[in-house]
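# A look at the structure
Spelled out, the chains give:
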Amino acid sequence: MDEPIKKRAKIEEIDIERVLGVFQQHLLRNCLCTFSEFELQKLYNVLRTDSTSRLTRNQKLLLITSIQLICDIAIKQNSKSHICAGIANICNTFARYEAELTDYFLKLSEDSDQYISFATSRAVSSFFIIVRTHNDQRLMEEADETDEMLPDQEEDEDDQILLNSVTASLVECSRLGSESFSLDTVSFSLDVLKRLIEWREVEVHTLEDSSSEDENRPAAENCRALTVVESQRIDFMQIKCLCINSLKSSWPVIVTNFNNLIAGNDPMYDYHIITFLNLWETIISVKANLSVNDTKLFYSNLDTYIQLLSPNTPPIIWKHILSLLNEVLCYGSTLALQDVLAKEPCDLAHSIVRNVKDVRNRNRNILYVVPYREGSGRFGGGAGDGDKVLLKRLILLILKAVAVTVKETRYDSSSDSSLGSEMEEMDSDMALIARSIEEVLDQLDASVKQIIPFHPRAPLAQWIVQVFTDQDDYLIESMVCCLDVAVGLCYRENASAELRQKLNPTITFFQFLQTVSFDANVLLDFLVSNETCFLLYILRYLKYACKNWREFVESCPDERGRIINVLANLRKSIKDLVKKELFPYNIGPVLKLLKRCTKCSST
């Protein structure tokens, strides 16, 4: 459309709701090939002028959601290798008008209406993915047409352009140190980053048949569908890395400012603090699949957050800080599998162990200041059942910290085992660490029993299953932690018999089997699912049981037959699935250990 026609399309002449209504009707068929270009140009003119200030609240929301809808459809069609030509054309136009549209989004992000700000943050995330992809393709095409630039120069310029396209609306994050920064704008920017970093490459609805060829194409009959070649596919990982890199330079300032907000305990900032903590957790989450080098900066000084957990800190902030720290100590999914642990999680674990062990400074000990019960901030005070989610996160964090500390110490000792003459000193060090860990676990045990009416003599090995029985991921990870601590500390020469009883792995396993009604099919479901670290747990427990069979027998003498029966049924079910080639991975090591247990039980 030529320029004179564009200029004639004024805001007064546009029935924005009618145009957007027709626009969305076309999008319901995943196609815009037959949508009037003249009507489309009217929308561009609205976005590219100051006329947006004249739109009503409903018109703004309709416009924002329409932009998000077309970007989401384009992303989905891109992942399925076919995209509507009309939709592709609009995405190209978005990329050409990127700067103007970004300015428009930034204005909307400052809107006093929180619904508009929230809708805009969702639209911006999808918009950036589309703009990044189409700008990338344009730059690649231009690079093919000219050889004037050297390869290294071209790559640097390319990266700068792409980085700007992703971080255009996030520049406020770098202004947190100034006097005029806007927390609302910062929260908007952090929310956009969080959504981009945690983006799933393909999201298939449960009612969709992902194997159907028809689902890969736009629904309209006369759609001019284009084939998406490999070079045109969206690179989600690169987008995530660009977002991470855009934060690195300003991250220390951002952390300092939010730490001050947390310490200030002003309720008006709770939402902004939670947004920040959610982003931080997303960055370091194993689900983000980012490299250690990309995220190393974001693990710095996390141990200082133990000091921010005070009696005055609101419970909602406690929960999110504990969730963040639990993600750092991702024991079941990462740390338990590593031979050498990174310094950052070890430092955090040490800080937690020292904090819990220090009973003299109760105003700083997280076990004593946790606001479990409303009003008092201490165990045993207030009324009602208390905040069980908060309690579970705290218990799991302490168990992870203990497990990481033991694992780090065991590795250091085993790596120096060739020294010979220093072995006695190392054994002495391990005994000292074992006593320290036992003190921490005793503190945890006593504190939990002040809240939950467990029998005073119920060992930690038993009650951890009862605490986490309604949350599978926490339950299995806590069982792995206790098992590893027991194996690491309780089976050395001169090890504490009391600690061995407190952490007896068979008592934990028996309590777990009671929870699942001794049903081998439930164990099979845990093995097939990837939602918990049950494979890791069952492998390590079966190794322990085979190696310490006498203790296994003595721990539950009256129920030994039921336990053996469950393991036999589990072995049979696994073998049946393997025979039919239905097991999703190599389960051979578990089968071998189950067979060994069967042999031990017959002797």
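Every value quoted in this text rests on a predicted model; they were computed, and no experiment measured them.

Basis of the calculations
- Residues numbered from 1 in each chain as written.
- Predicted model: local features only at pLDDT ≥ 70, side-chain atom pairs only at ≥ 80, totals over all residues.
- Heavy atoms only, no water.
- Helix = DSSP H or I, 4+ residues; strand = E, 2+ residues; numbered from the N terminus.
- Buried < 20%, exposed > 50% of the residue type's maximum accessible area, 1.4 Å probe, protein only.
- Areas by Shrake-Rupley, 256 points an atom, 1.4 Å probe, with all protein chains shown as cover.
- Axes fitted to C-alpha atoms, helices over the stretch in contact; angles between N-to-C directions.
- Parallel < 35°, antiparallel > 145°, perpendicular 65-115°, else oblique.
- Left-handed = near helix turned anticlockwise from the far one by under 90°.
- Contact = heavy atoms within 4.5 Å.
- Nonpolar A, V, L, I, M, F, W, Y, C, P; charged D, E, K, R; others polar.
- Expected span 1.5 Å × (residues − 1).
- Core = buried A, V, L, I, M, F, W, Y, C linked by side-chain atoms within 4.5 Å.
- pLDDT = per-residue confidence, 0-100.
- Disulfide = S-S within 2.5 Å.
- Phe/Tyr/Trp six-rings, centres within 6.5 Å; stacked < 30°, edge-to-face > 60°.
- Lys NZ or Arg CZ within 6 Å of the ring centre and 35° of its normal.

With that settled, consider the overall build of the chain. Each helix and strand in the chain was counted, giving 28 helices and two strands. Per-residue burial over the chain gives 52% buried out of 603 residues. In the form shown here, the chain has an accessible surface area of approximately 29700 Å², with 47% of it arising from carbon and sulfur atoms.

Following both chains from N to C, one finds helix 21 (residues 472-489) and helix 23 (residues 505-515) inclined at 160°, their axes separated by 9 Å at the closest point. Between helix 21 and helix 23, the angle falls in the class roughly antiparallel. Handedness of the crossing formed by helix 21 with helix 23: left-handed. Residues Leu475, Ile476, Met479, Leu483 and Ala486 of helix 21 lie in contact with helix 23, whose contacting residues are Pro505, Thr508 and Phe512. Here the residues of the contact of helix 21 with helix 23 are counted per class, giving seven nonpolar, one polar and no charged.

The next subject is unusual backbone geometry. Only a minority of non-glycine residues have a phi that is not negative, and only a minority of peptide bonds are not trans. Phi is positive for asparagine 30, which is not a glycine, with a value near 60°. You can see asparagine 30 is positioned in the loop between helix 2 (16-27) and helix 3 (37-47). Here glutamate 581, not a glycine, exhibits a phi torsion of approximately 60°, which is positive. Checked against the element boundaries, glutamate 581 lands in the loop between helix 27 (560-579) and helix 28 (588-601). Glutamate 581 gets classed as exposed once you look at its relative accessible area, which sits at 73%.

Now for the packing of helix 9 (residues 183-197) against helix 10 (residues 236-248). At a minimum axis separation of 9 Å, helix 9 and helix 10 run at an interaxial angle of 145°. Crossing hand, helix 9 versus helix 10: left-handed. Taken together, the residues of helix 10 that come into contact with helix 9 (itself represented by Leu193, Leu196 and Ile197) are Ile239, Lys240, Cys243, Ile244, Ser246 and Leu247. Considered class by class, the residues forming the contact of helix 9 with helix 10 number seven nonpolar, one polar and one charged.

Taking 1.5 Å as the rise per residue, helix 6 (residues 98-109) with 12 residues should run 16 Å; its terminal C-alpha atoms sit 16 Å apart, in good agreement. Inspection of helix 6 places Glu98, Leu101, Thr102, Tyr104, Phe105, Leu106, Leu108 and Ser109 among the buried residues, and these make up the whole buried set.

This part covers the nonpolar core. By size, the foremost hydrophobic cluster in this structure holds 188 residues, and its most contacted members are Tyr305 and Phe512. Considering every element that reaches this core, the biggest residue donor is helix 18 (residues 388-415), with 13 residues. The contacts of phenylalanine 512, once residues within four sequence positions are left out, are Val465, Leu475, Ile476, Met479, Leu523, Phe526 and Phe534.

Attention shifts here to the confidence of the model for the chain. On average, residues of the chain carry a pLDDT of 82, and 80% of them reach 70 or more. Contacts of residues 143-163 to residues separated by more than four positions or lying in other chains number 12 contacts, the stretch itself having pLDDT below 50. Contacts for the low-pLDDT stretch residues 416-421, under 50 throughout, to residues beyond four places or in other chains number three contacts.

A separate point is the state of the cysteines. Applying the stated criterion across every chain yields a total of zero disulfides. Between cysteine 223, a free cysteine, and cysteine 31, which holds the nearest cysteine sulfur, the sulfur-to-sulfur gap is 3.6 Å. Since its relative accessible area comes to 16%, cysteine 223 is described here as buried. Cysteine 597 takes part in no disulfide bond, and the closest cysteine sulfur to it belongs to cysteine 546, at a distance of 3.5 Å. Overall, cysteine 597 belongs to the buried group, its relative accessible area being 2%.

The next thing to look at is the packing of aromatic side chains. Scanning the entire structure with this criterion turns up 25 aromatic pairs. Here phenylalanine 105 and phenylalanine 127 contribute two aromatic rings whose centre-to-centre distance is 5.1 Å and whose plane-to-plane angle is 65°, an arrangement assigned as edge-to-face. Within this pair, whereas phenylalanine 105 is found in helix 6, its partner phenylalanine 127 is found in helix 7 (residues 114-145), the two being separated by 22 residues in sequence. An identical accessibility class is assigned to phenylalanine 105 and phenylalanine 127; each is buried. Plain terms: the ring middles of phenylalanine 509 and tyrosine 541 are 4.4 Å apart, the flat faces sit at 25° to each other, and that makes the pair stacked. Of the two residues, phenylalanine 509 sits in helix 23 while tyrosine 541 sits in helix 25 (residues 534-547), which places them 32 residues apart along the sequence. Overall, phenylalanine 509 belongs to the buried group, its relative accessible area being 0%. Taking the ring centre of phenylalanine 518 as reference, the NZ or CZ of arginine 562 above it sits at 3.7 Å.

One can find glutamine 68 in helix 4 (residues 57-79). Take glutamine 68: its relative accessible area is 12%, and that puts it in the buried class. For the pair glutamine 68 and alanine 119, spaced 51 residues apart in the sequence, the C-alpha separation amounts to 8.7 Å. Among all residues touching glutamine 68, those that are not within four sequence positions of it are Ala119, Arg122, Ala123, Ser126 and Arg195.

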